[in-house]
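An overview of the molecular structure
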Amino acid sequence: MIRIENVRKQFGSTIALQDLSLQVQAGEIFGLLGPNGAGKSTTMSLLTGLAAPDAGSVRVLGGDPRDAALRARIGLAPQSLALYENLSGRENIEFFARMFGLRGTRLAQRVDVALDFVQLADRQHDRAGTFSGGMQRRLNLAAAIVHEPELILLDEPTAGVDPQSRNALFDNVLALKAAGRTIVYTTHYMEEVERLCDRVAIIDHGRVLAVDTVPALLRAHAPRPLLVIERDDGATRIETDDPLSELNRAAAAGAVRSFHVERPRLEQVFLHLTGRSLRD
Amino acid sequence: MSALFAFAAKDIRLLLRNRAALFFTVAWPLLIAVFFGVIFGGGSGTAKPKVALVVQDASAASERFAQSVLKLETLEVDRLDAAAAEQLVRQGKRTAAIVLPEGFGARSTQAFSGDPPEVGLWLDPSRRAERAMIEGMLMKLGAEAMFSNISDPVARQSWLEASRAKLDQIEPGSRQAFSDFYDALDQMMATSQANAKPIPEADGKTDDPAAANTFVPIQIAEREVSVVRRGPRNGFAISFTQGMSWGLFGALMSFVTSLVLERMQGTWSRLRATPLSSASLLLGKALACFIVMLATLLLIGGAGALLFGVVPHSLPKLLLAFVAATFAFTGLMMLLASLGKTVQGASGAAWAVMMPLAMVGGAMIPLFAMPPWMAQLSSVSPVKWAVLAIEGAIWRGFSFAEMATPVAILLATGAVCGLAGAWRITRQPS
């Protein structure tokens, strides 16, 4: 579905991507995880044909994304809410559908489906500027899928939305995967990647640091689970691959008032790979 | 192609929903046009057309007719000799000249035979609206003069005698009917006046359709007078041209802002990710701008013509001027939109560029009122060529050859600026 090989991209003196290679399989949700300035947006620009690599190759759906016909098979929900606030929800979706060549009955049908999909049919005639942040994010998604693309690029699709809208967006993404779509998903939120993505690439400084499923990344890069045992005289923290055996041993040694296990999270992997220094 | 029109339609719809932009594109230029038109003393010529009266016939009937013309409240009439009248019409200082030629009085004594009295009307061929009004006035005066002949016993006798003397000029089949009619008319008028009853309208009707066709109170002989040196017909002719340039300016600013906003808000990137090329997207934006500017000019021009008497000398030339000016400003819009990355930056650049161009281009000071150095400097401004082309079609009386220079400069400006702007925008990163 997507094959990026040894891509280099430079803007002036800034190297955005260097020797970046990725492959995304058809039908999967692929997460792109990285700190600010890691190269996620540049990667998205390459995938939509908005930018060309200085070196290396980018193949999407078997072709060059700068090919106009191929772009008709890609849907993009950009990070910024790329909508017209003075157009109604329906007018926005109709407009973007027309830009992808939809006309007549099919246009009307697809707009209805897209608005239903993001649960905005009842507000379709209200101006987008009157929508809440969550509704605008859902409308942003509807504009990306109205033309039934095979590949959907979601650039931080849940930025600044409430938990209800975020949950609804998760359901939308999973429904799109169930319908056979391939999704590339960039985000800063680890729990989104853990919940949604089949595989994830952690990138930084324009390079891929790790690519795999979340459990495999945890196994490879995260510290072991931490067993925390509390007794009357204080708490003990034990790093172990077998918390149950360790707990039995602790119970035999003395009374345990309470315990819990801290499992490794993707965030630890992320910080482990990208470091703890602040990014601009 | 339909995606391109959909893009343009979207921009027009957005503009129509933006009240501030709409105000500065249409309402503000109209207000400027009306305000400055009034200051320039605009409306004087519109309510009462100024007309010259030339009396070349020394008869009493001519004098009576002349007096009735001078008393008309709907025209501002002054009596002049033929040369002066023709000169003033040529200079555009009189709408028309009404001429009572020699023989007018003699012909007035004929009722339904021979030629009716002739009135000359010399006027600028472009002034169709005034022509219809003046002709109507003259017909009314002609009918009143005929009625006067009938109702005055002495004049009636003289008029009937002259008419009877020329019965042989009437078609033989109708001759007896006319003779009977004159007798009956004479008898009827004498009886009714003796009884002091109200006098009916002169009807002049006959059962003979052929004879009826010959009845006209006067015959108007028009003569077109080419205007050799035109001036604005009224102050509104100047202020509305300036208003149009402000309308172009308002639409330009709206679309500069809209194009920069597209880039800032991310819709431009999203649109570039569609199958449409950047060139198509820019063409869609330019098309919307072109349509809005042209509609603005038509709206302001229509208001000027219908409400303030700013009637163009030539409608095809005015449309040519509108299209050329719109093309130039659309190209300028594209170039100015490429100068800033933010709305503030781009609109600041647009103001900085357009204000001096407007100031020296005739949008503030009329071109004809500029000192020589300023008039020379104004040639660098596309605003000047837009104003000149529009004025050329409205009141300067330009021929197509004279229109060619400003139109060519405007088209070249639009093409160069548009291509330069498009080149810059497509090179800017998303």
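For the structure given in this document, a descriptive report is provided here. For clarity, every value in this text was computed on a predicted model and none was experimentally measured. (Residues numbered from 1 in each chain as written. Chains lettered and ligands numbered in written order. Predicted model: local features only at pLDDT ≥ 70, side-chain atom pairs only at ≥ 80, totals over all residues. Heavy atoms only, no water.)

Attention now goes to the overall build of chain B. Counting its secondary structure elements, chain B contains 18 helices and five strands. Residues counted as buried form 50% of the 430 residues belonging to chain B. Considering only residue pairs separated by 6 or more positions, chain B has 78% of its internal contacts joining residues 24 or more positions apart. Put simply, chain B shows about 19,200 Å² of open surface, and 63% of that area lies on carbon and sulfur atoms. (Helix = DSSP H or I, 4+ residues; strand = E, 2+ residues; numbered from the N terminus. Buried < 20%, exposed > 50% of the residue type's maximum accessible area, 1.4 Å probe, protein only. Contact = heavy atoms within 4.5 Å. Areas by Shrake-Rupley, 256 points an atom, 1.4 Å probe, with all protein chains shown as cover.)

Our focus in this paragraph is the overall build of chain A. On a plain count of helices and strands, chain A comes out with ten helices and twelve strands. Residue burial in chain A is summarised as follows: out of 280 residues, 50% are buried. Pairs at least 24 apart in sequence give 66% of the contacts found in chain A among residues at least 6 apart. Carbon and sulfur atoms make up 47% of the accessible area of chain A, which totals about 12,600 Å².

Residue and element names in this part refer to chain A. Within the secondary structure, R110 sits in helix α4 (residues 104-117). Under the relative-accessibility criterion, R110 is labelled buried at 12%. Among the polar contacts made by the side chain of R110, one reaches the main-chain carbonyl oxygen of I145 at a distance of 3.2 Å. (Polar contact = N/O pair within 3.5 Å; in protein donor to acceptor, adjacent residues only side chain to side chain.)

Quick look at the interface of chain B and chain A now. Taken together, the 21 residues of chain B in the interface contact 27 residues of chain A. When chain B packs against chain A, close to 2,200 Å² is buried across both sides, 61% of that on carbon and sulfur atoms. A per-residue breakdown of the area chain B buries against chain A is headed by R17(B), R270(B) and P275(B), which together make up 34% of the total. Linking chain B with chain A are two salt bridges, by the criterion used here. For E91(A), the salt bridge is made with R17(B), and the minimal N-O distance between the two is 2.6 Å. At the surface where chain B touches chain A, the tally comes to 13 residue pairs in polar contact (both at pLDDT 80 or more). Elements supplying a minimum of two residues to the side of chain B that touches chain A: α1 (2-16), α11 (235-265) and α12 (267-272) of chain B. Sort the elements by how many residues they give to the side of chain B that touches chain A and α1(B) lands first, with seven residues. Along the lines of polarity and charge, the residues of the side of chain B that touches chain A split into eight nonpolar, seven polar and six charged. (Buried area = accessible area lost by both parts, 1.4 Å probe. Salt bridge = Lys/Arg side-chain N within 4 Å of Asp/Glu carboxyl O. Nonpolar A, V, L, I, M, F, W, Y, C, P; charged D, E, K, R; others polar.)

All names here are of chain A. Under the counting rule described, the total for this entry stands at 30 salt bridges over all chains. As a salt-bridge pair, R90 and D112 come within 2.8 Å of each other at their nearest N and O atoms. Of this pair, R90 sits in helix α3 (residues 89-99) while D112 sits in helix α4; the two residues are 22 residues apart in sequence, bridging distant segments of the chain. A relative accessible area of 13% places R90 in the buried class. Overall, the relative accessible area of 35% leaves D112 in the partly exposed class.

A few words on the sheet that holds strand β11 (residues 234-239) of chain A. Residues and elements named next belong to chain A. Spatially, the three strands line up as an open sheet ordered β11-β10-β12, and their pairing is antiparallel. The open sheet has two edge strands, β11 and β12 (258-262), and neither has a second partner. Sheet twist, expressed as the average angle between the axes of neighbouring strands with direction ignored, equals 15 degrees. As judged from the six bridges shared by strand β10 (residues 226-231) and β11, these two strands associate in the antiparallel manner. Paired with R231 across the two strands is G234, which belongs to β11. Against the sheet, helix α9 (residues 243-253) touches β10, β11 and β12, its axis set at about 20 degrees to β10. (Pairing = 2+ DSSP bridges. Axes fitted to C-alpha atoms, helices over the stretch in contact; angles between N-to-C directions.)

Right, let's talk about the pairing of strand β7 (residues 182-187) of chain A for a bit. Residues and elements named next belong to chain A. Counting buried positions along β7 yields six of six residues, so the element is predominantly enclosed. Residue alternation in β7 divides its side chains into two sets, T182, V184 and T186 and I183, Y185 and T187, and both sets are buried. Note: strand β3 (residues 29-33) against β7, five bridges, orientation parallel. Across the sheet, residue I29 finds its bridge partner in β7, namely I183. Summarising the sheet, strand β6 (residues 151-155) and β7 pair through five bridges and their orientation is parallel. What sits directly across from L153, in β7, is V184. Between the parallel elements β6 and β7, the chain passes through helix α6 (residues 163-178) in a crossover that is right-handed. (Right-handed = clockwise from strand over helix to strand, strands pointing away.)

This paragraph deals with the nonpolar core. By size, the foremost hydrophobic cluster in this structure holds 126 residues, and its most contacted members are I93(A), Y185(A), L252(B) and M354(B). Counting residues per element, this core draws most heavily on α11(B), which supplies 14 residues. Leave out the neighbours within four places in its chain, and L252(B) touches M293(B), F329(B), L332(B), M333(B), L336(B) and M354(B). In this structure, L22(A), L76(A), L151(A) and A201(A) belong to the second largest nonpolar core, which totals 26 residues. (Core = buried A, V, L, I, M, F, W, Y, C linked by side-chain atoms within 4.5 Å.)

Here we take up the packing of α3(A) against α4(A). Residues and elements named next belong to chain A. Viewed as axis vectors pointing N to C, α3 and α4 meet at an angle of 125 degrees, and their least axial separation amounts to 10 Å. One way to sum up the angle between α3 and α4 is to call them oblique. Our pair here, α3 against α4, has a crossing hand that is right-handed. Contacts from R90, I93, E94, A97 and R98 in α3 reach L107, A108, V111, D112, A114 and L115 in α4. (Parallel < 35°, antiparallel > 145°, perpendicular 65-115°, else oblique. Left-handed = near helix turned anticlockwise from the far one by under 90°.)

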